[in-house]
Amino acid sequence: MTATLEKGVRVLKEVIDAPIASYFNSCVHCGLCAEACLFYTETGDPKYTPIHKLEPLRRVYEQEYTLLGRLAKLVGLAKPVTDAELHEWQELVYNSCTLCGRCSVVCPVGNDIVYMVRKLREGMSASGNAPDGIKGAASRTITIGSPMGVKLPAVKAQMKHVEEDHDIPIPLDVEGAEYMVMLSSMEIINFPEYLAAIAKIMRQAGKTWTLCSTAFEATNAGMQIGNSDLARVIVTRIVDGAERLKVKTVISPECGHAYTALRWEGANLVGRPFTFQVKHIIEVLGEFQEQGLLKTEGMETDRLTFHDPCQLARRGGVIQQQRSLMKQIAQDFVEMPDAGFMNWCCGGGGGASAIEEGEELRLEAFKKKKAQLDAVKPDRLVTACANCRIVLEEGLEHYQMDIPVVGLTETIAEHIPDPVNSEGA
Amino acid sequence: MALPDIPVVAETGALTGNARAVLGEVETLLDGLLRTGEGGIVDIRGLPLSPGDRIWLLEQLGKGEVEIHLDIGGRSRILETAYPAVWWIEHCDEGGHLISEFIQVAYVPELISAHPDDVESGLEHLRNRNADLS
Amino acid sequence: MNELQFLTWVRGTGLDIAVAIFLLGVIWRLVEIYSLGRKKDLAAPRHTPGASGWHTIVRRSVPPPGMFKQSPVTYVGGYVFHIGLALIVFFFAPHIKLIEGLLGISWPGLPSQIIDLVTVVTLAAMVVVLVDRIKKPVKRFLSTFEDWFTWAVTFLPVLTGWLAVQHLLLPYTTMLALHILSVEVLLVVLPFTKLFHAFTVFGSRWYNGAVNGHKGVPV
Amino acid sequence: MSDNRILETLAGQGISRRAFLKYCATLASLMALPPSAGKAFAEALAKAPRPSVIWLPFQECTGCTESITRSHSPSIEGMIFDMISLDYQETLMAAAGHQAEAALHEAMERNMGKYILIVDGSVPLGLDGAYSCIAGRSNLEMLKEVAQGAAAIVAMGSCAAYGGLPKANPNPTGAVAVSDVIKDKPIVNIPGCPPIPAVITGVLAHYLTFGSLPELDHLGRPKSFYGETIHDRCYRRPFYDQGKFAKTFDDEGARKGWCLFELGCKGPVTYNACASVKWNGGTSWPVESGHGCLGCSEPDFWDAGSFYKALSMPANPLKLAAGAAVAGAVAGIAISVSNKARKGAAKTGHETTTLADLEKHHE
């Protein structure tokens, strides 16, 4: 069985719904979505206009689900969607779209464009037109367990390191723990300090928590590639793990798409509401802060700014928490222009960072972030998404900007006093 | 109920500004009269004047020394305005309704002077009368 | 056919046909679009004040932060010509009379001098948005025949209406008839072109707002 | 008779030269001609021979004749009878029967090529013209014969000008306008039901003074009288502009003399001089008396929807709307049922994607 155009179109027919019909009928070609998309604003190329990226989906809708479109198709006036066209559209649907959702919030007629791009990706992937980079990540996640090929032994090695370095036990497979903490492979490989930070924070808050040996990887390349069948396989592991351990809350790591996959798509993928809650680590930290369970000492004195991951803020509704957290530990916290709800994407979300051939375009689009940073000239850049972090670092290096990028959780954890000291005080 | 009792009252007292132009036209005609002897006529009904404009115009032109009444198939009235050689002419039909209205710029409106043909036939009548009397 | 017969036709048979096609089209298209349905969202909702479909229907009329300066012509032009159209359509006395004739409801109109002014401003705004569509690469790139056609179909009723009232170009009767005819063309094409956004904009904004409201994002 | 000069005829009726001058000035004013034209009228008309006029009444109600003969002599309207030698007019002439027909033919022969033909009433073409006959001959036959020797034809009233009420849908007699029958003579249309009497005086004065017909619009009407709409010259126009409308014939607005647009006034699309010339010796006119204009000087005004419906309202009740709404719902439901089936088939046909299915070909 292989991917074919026929399968792709059939999947598109499956996913087209009333909102999509309403959106296509509402579009007045005003072009405002282009102004919201960094791939257009930084390149000036009109083909990156978000609504244009949906042209194949629009035609399938028109030819399959409208009377006039069907009549036109009948008499041969409709232009059918071809495999070559879908292949050509790969760049528009994947490389130049990070599912950041900025277009969806500016469209004056209310079209949720990112919703439609996500649906179009279903057909793109089923017809074999997904980019190799994401296909590889998806393949590794399904077969090995994580997009970067990380297996349980690697996680265990990390746990051991942290336990030794910080003298904190890292619980694994603890049934009945309040929180089940998820990781992204980037954190396992590139940012091990995250796990240590979690351990410190949980210890201070006095909460029970655990890692899960069958579900430690939170990222979901199936969702990035836009294939619900694959995304379901990945999400099911987490659901099974959480239900096996009977946890109350699953904590999504500092990773945007992991959060969306678990928090907003997960229940819809498995087809039933979750028996547990899903929270992003920043939400959990926000709750701890509100409940007085997060005590820090000392303040960062250098100039800090915060990059809002799209899936956390605009697409996830977590906007305020990161700001209160920043203020707790930073003296000189400055906001970039458009920060928060309207923040600009790093340019690598939605799987885009896994696409090699998209790198040049990604770096071009990064000029937007550069301009935002130039406006406030921070000493360090804080964010809450491992993928953003990698993309930001790449971009900053390319433009020779010397701004270190750090994660918010670990930055907070650095200010959590040692328990021995605090008990002694 | 008689017609005037039906209380249809249109608000027509407003000035349109058109009457101002009429005064300018009269000035030009008057100047022409002195220079060339040619006067001229302004047709009040042919202009888009509101009743308010008309009253304003009458007030501006004022009243002179001469007022002539003519009984010619309904009454007509020729008024000299405060400006010599500027005449206000009103024609009514036999029912007393105003049918036309003009401002004429002339030393004497030609309607007043007798036509030579009429004078001739009048002279003939007078001769006949004198012949009869003698 | 003389001009009064023309006028009578557009006021009679023509209007009947146009309204019929309009009604048929609107109902058919609305059912066609919204009967496609959508899946229930099983993710646990986050409740945030001000985040819902209803809020978005209203809120999306205002440019989101930072967007106005990205494309001021689109916003100003769009506002002026939509508000202008609404004022002309719903507050010019003869139009109110038409609505009363069709639906039996009426309300006070605006003085015709004000409508005159609004009309001129609306026409100007529509010309500006057209020039913008020609000049801006994105808009030109997105534009199809339908975009130019629907612009013309929207512009003509305003233009002919204004010319009729101002007694320009053609005798009033002919121009009035052309005006009504142009409106009938507008009615006929509305359900089948992007002009249908006049109806679906509410559904689209609601869906967008509902999806985002579910996530607690007040968009 | 027609050898007499106009002024002599008038003098015989006690109308002085000054009175004549006065009426000529007024006539010029009515025709919106420059005041100097009044003098030109007076000079030319005084010397002009009275033209022979043959007046043929066809399928009509005699309202036009009434309109003109009721005007008070020597009003401006009445001047027509002093200016012309009316050699044939069935309704007015003392002669009848064969005598009348003889008068007609005598006038035609004597003034061949010079007389003016006035027609009121439409010409029925149905049943070979049998619907309206005079002396055993159809109007059509008579019109063709008399028109041959005419210098010009004046189609007086909406019937002669456009076919009139007899032509109203479904036009049982096959009524047509004079201009539908006669194509080779200059025709002046003076529409109105009835027309304004002064108009015909003006047209004749123009013809006698300048030797030509006045400038006509595309419907053959003298521009000087039909150049502007009732609405343009209406004294209630300011209320229209302010948006003040009478809603019923006896409400506050009606009493204050507000605009009658909403009560169905056809002033905006009616070209005529009623608002400035007025009726009954300048006493009043329809709008001044509180009733909207019916549009009687426009072609087919009787078929232009109700007299009491505003111009912007539908001329007829919408008949198709309800059916169309049902048809729309049926079409919508039909397509939606079909769409559901299609979507269902796509779902049923769904083949779960595995990793291998991401590739187009096995490698």
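No experiment lies behind these values; they were computed from the predicted model shown.

A. Seen up close, the interface of chain C and chain A. Counting residues at the interface gives 52 residues for chain C and 58 residues for chain A. Of the roughly 4400 Å² buried at the junction of chain C and chain A (both faces included), carbon and sulfur atoms supply 60%. Taken together, chain C and chain A are joined by 1 salt bridge. With its nearest N and O atoms 2.7 Å apart, the salt bridge here joins Arg46(C) to Glu283(A). Connecting chain C to chain A are 27 residue pairs in polar contact (both at pLDDT 80 or more). Breaking the side of chain C that touches chain A down by element, the ones donating at least two residues are helix H1 (3-34), helix H3 (72-91), helix H6 (137-142) and helix H9 (197-214) of chain C.

B. Quick look at the side chain of Arg10(A). Topologically, Arg10(A) is positioned in helix H1 (residues 5-15). Of the residues examined, Arg10(A) reaches a relative accessible area of 17% and is grouped as buried. Among the polar contacts made by the side chain of Arg10(A), one reaches the side chain of Glu351(D) at a distance of 3.1 Å. Leave out the neighbours within four places in its chain, and Arg10(A) touches Ala346(D), Gly349(D), His350(D) and Glu351(D).

C. Just the domain arrangement of chain D, in detail. Residue and element names in this part refer to chain D. Along its sequence, chain D is organised into domain 1 (6-220) and domain 2 (230-303). The distance between the C-alpha centroids of domain 1 and domain 2 comes to 28 Å. Contacts between the two partners involve 19 residues from domain 1, matched on the other side by 14 residues from domain 2. In total, about 1200 Å² of surface goes out of reach between domain 1 and domain 2, with carbon and sulfur atoms giving 71% of it. Contact with domain 2 buries area across many residues of domain 1, yet Leu30, Tyr162 and Ile196 alone supply 36% of it, more than any other trio. For the pair domain 1 and domain 2, the number of links is 1 salt bridge. Applying the counting criterion to the domain 1 and domain 2 interface returns 3 residue pairs in polar contact (both at pLDDT 80 or more). Contributing elements (two or more residues each) for the side of domain 1 that touches domain 2: helix H8 (157-162) and helix H10 (197-210). Looking at the side of domain 1 that touches domain 2 residue by residue, the class counts come to 12 nonpolar, 5 polar and 2 charged.

D. Quick look at the interface of chain A and chain D. Contacts between the two partners involve 32 residues from chain A, matched on the other side by 21 residues from chain D. Contact between chain A and chain D buries roughly 2400 Å² in total, counting both sides, with carbon and sulfur atoms accounting for 52%. Taken together, the connections running from chain A to chain D amount to 5 salt bridges. Residues Glu64(A) and Arg342(D) are paired through a salt bridge, measuring 2.6 Å at the closest nitrogen-oxygen approach. On the surface where chain A and chain D come into contact, there are 16 residue pairs in polar contact (both at pLDDT 80 or more). Counting only elements with at least two residues in the side of chain A that touches chain D, the list comes to H1, helix H5 (55-65), helix H6 (67-74), helix H7 (83-95), helix H9 (113-126), helix H10 (132-143) and helix H15 (228-245) of chain A. Considered class by class, the residues forming the side of chain A that touches chain D number 11 nonpolar, 11 polar and 10 charged.

E. Representation of the pattern of salt bridges within the structure. Residues and elements named next belong to chain A. Scanning all chains against the criterion turns up 60 salt bridges over all chains. Across the salt bridge formed by glutamate 42 and lysine 368, the nearest N and O atoms sit 3.7 Å from each other. Of the two residues, glutamate 42 sits in helix H4 (residues 38-43) while lysine 368 sits in helix H20 (residues 367-376), which places them 326 residues apart along the sequence. Owing to a relative accessible area of 16%, lysine 368 belongs among the buried residues under this scheme.

F. Representation of the sheet that holds strand E8 (residues 405-407) of chain A. Residue and element names in this part refer to chain A. As summarised here, the arrangement of the 4 strands in space is E6-E5-E7-E8, forming an open sheet in which the pairing is parallel. A strand with exactly one partner marks an edge of an open sheet, and here the two such strands are strand E6 (330-334) and E8. Looking at each pair of strands side by side, their axes are set apart by 40 degrees on average, direction ignored. Sheet topology places strand E5 (residues 300-307) next to strand E7 (residues 380-383); 4 bridges connect them, and they run parallel. Within the sheet, the bridge partner assigned to phenylalanine 306 lies in E7 and is valine 382. Strands in contact with H20 are E5, E6 and E7; relative to E5, the strand with the most contacts, it is inclined by about 150 degrees. Here helix H21 (residues 386-398) sits on the sheet and contacts E5, E7 and E8; the angle it forms with E8, its principal contact strand, is near 170 degrees.

G. Molecular detail of the domain arrangement of chain A. Residues and elements named next belong to chain A. Domain annotation of chain A identifies domain 1 (5-130), domain 2 (135-289) and domain 3 (290-413). When each unit is reduced to the centre of its C-alpha atoms, the spacing between domain 2 and domain 3 is 21 Å. Every contact between the two is made by 31 residues of domain 2 and, on the other side, 31 residues of domain 3. For the pairing of domain 2 and domain 3, the buried interface totals around 2800 Å² over both sides, and the portion due to carbon and sulfur atoms is 61%. Where domain 2 packs against domain 3, one counts 1 salt bridge. We note a salt bridge from arginine 389 to glutamate 193, for which the minimum N-O separation is 3.4 Å. The tally of links from domain 2 across to domain 3 stands at 20 residue pairs in polar contact (both at pLDDT 80 or more). Secondary-structure elements contributing two or more residues to the side of domain 2 that touches domain 3 are helix H12 (185-189), helix H13 (193-205), helix H16 (256-270) and helix H17 (281-290). A class-by-class count of the residues in the side of domain 2 that touches domain 3 yields 14 nonpolar, 10 polar and 7 charged.

H. Representation of the arrangement of the chains in the model. If you rank the 4 pairs of chains in contact by how many contacts each has, first place goes to chains A and C. Between chain A and chain B there is no contact, and the shortest C-alpha to C-alpha distance separating them is 46 Å. Contact between chain B and chain C is absent, and the minimum C-alpha spacing across the pair is 15 Å.

I. Spotlight on the nonpolar core. Grouped together as the largest cluster of nonpolar side chains are 92 residues, with contacts concentrated most on Leu7(C) and Phe20(D). Residue contributions to this core reach at least three from each of two domains, namely domain 1 (6-220) and domain 2 (230-303) of chain D. Formed by 89 residues, the second largest nonpolar core is a distinct cluster that contains Tyr40(A), Tyr65(A), Cys385(A) and Phe196(C).

J. Region of the structure containing the packing of helix H2 (residues 17-30) of chain D against helix H3 (residues 35-47) of chain D. Residues and elements named next belong to chain D. Remark: H2 packs on H3, axes separated minimally by 8 Å, with the N-to-C direction vectors making an angle of 130 degrees. When the interaxial angle is binned, H2 and H3 end up oblique. Seen along the crossing, H2 lies across H3 with a hand that is right-handed. Within the contact between the two elements, H2 uses Phe20, Leu21, Cys24, Ala25, Leu27 and Ala28 and H3 uses Ala37, Gly38, Phe41, Ala42, Leu45 and Ala46. Considering only residue class, the contact of H2 with H3 consists of 11 nonpolar, 1 polar and no charged.

K. Highlighting the packing of aromatic side chains. Under the defined criterion, the tally for this structure stands at 23 aromatic pairs over all chains. Each ring, one from Phe301(D) and one from Phe307(D), has its centre 6.1 Å from the other, and the planes form 15 degrees; the classification is stacked. Under the relative-accessibility criterion, Phe307(D) is labelled partly exposed at 26%. Through a chain of ring-to-ring contacts, the aromatic side chains of Tyr34(C), Trp54(C), Trp206(C) and Tyr207(C) assemble into a single cluster. The ring of Trp264(A) is capped by Arg263(A), whose NZ or CZ atom sits 3.9 Å from the centre of that ring. The lysine or arginine in question, Arg389(A), covers the ring of Phe191(A), its NZ or CZ lying 3.6 Å from the ring centre.

Analysis parameters
- Residues numbered from 1 in each chain as written.
- Chains lettered and ligands numbered in written order.
- Predicted model: local features only at pLDDT ≥ 70, side-chain atom pairs only at ≥ 80, totals over all residues.
- Heavy atoms only, no water.
- Contact = heavy atoms within 4.5 Å.
- Buried area = accessible area lost by both parts, 1.4 Å probe.
- Salt bridge = Lys/Arg side-chain N within 4 Å of Asp/Glu carboxyl O.
- Polar contact = N/O pair within 3.5 Å; in protein donor to acceptor, adjacent residues only side chain to side chain.
- Helix = DSSP H or I, 4+ residues; strand = E, 2+ residues; numbered from the N terminus.
- Buried < 20%, exposed > 50% of the residue type's maximum accessible area, 1.4 Å probe, protein only.
- Domains from an automatic or database assignment.
- Nonpolar A, V, L, I, M, F, W, Y, C, P; charged D, E, K, R; others polar.
- Pairing = 2+ DSSP bridges.
- Axes fitted to C-alpha atoms, helices over the stretch in contact; angles between N-to-C directions.
- Core = buried A, V, L, I, M, F, W, Y, C linked by side-chain atoms within 4.5 Å.
- Parallel < 35°, antiparallel > 145°, perpendicular 65-115°, else oblique.
- Left-handed = near helix turned anticlockwise from the far one by under 90°.
- Phe/Tyr/Trp six-rings, centres within 6.5 Å; stacked < 30°, edge-to-face > 60°.
- Lys NZ or Arg CZ within 6 Å of the ring centre and 35° of its normal.

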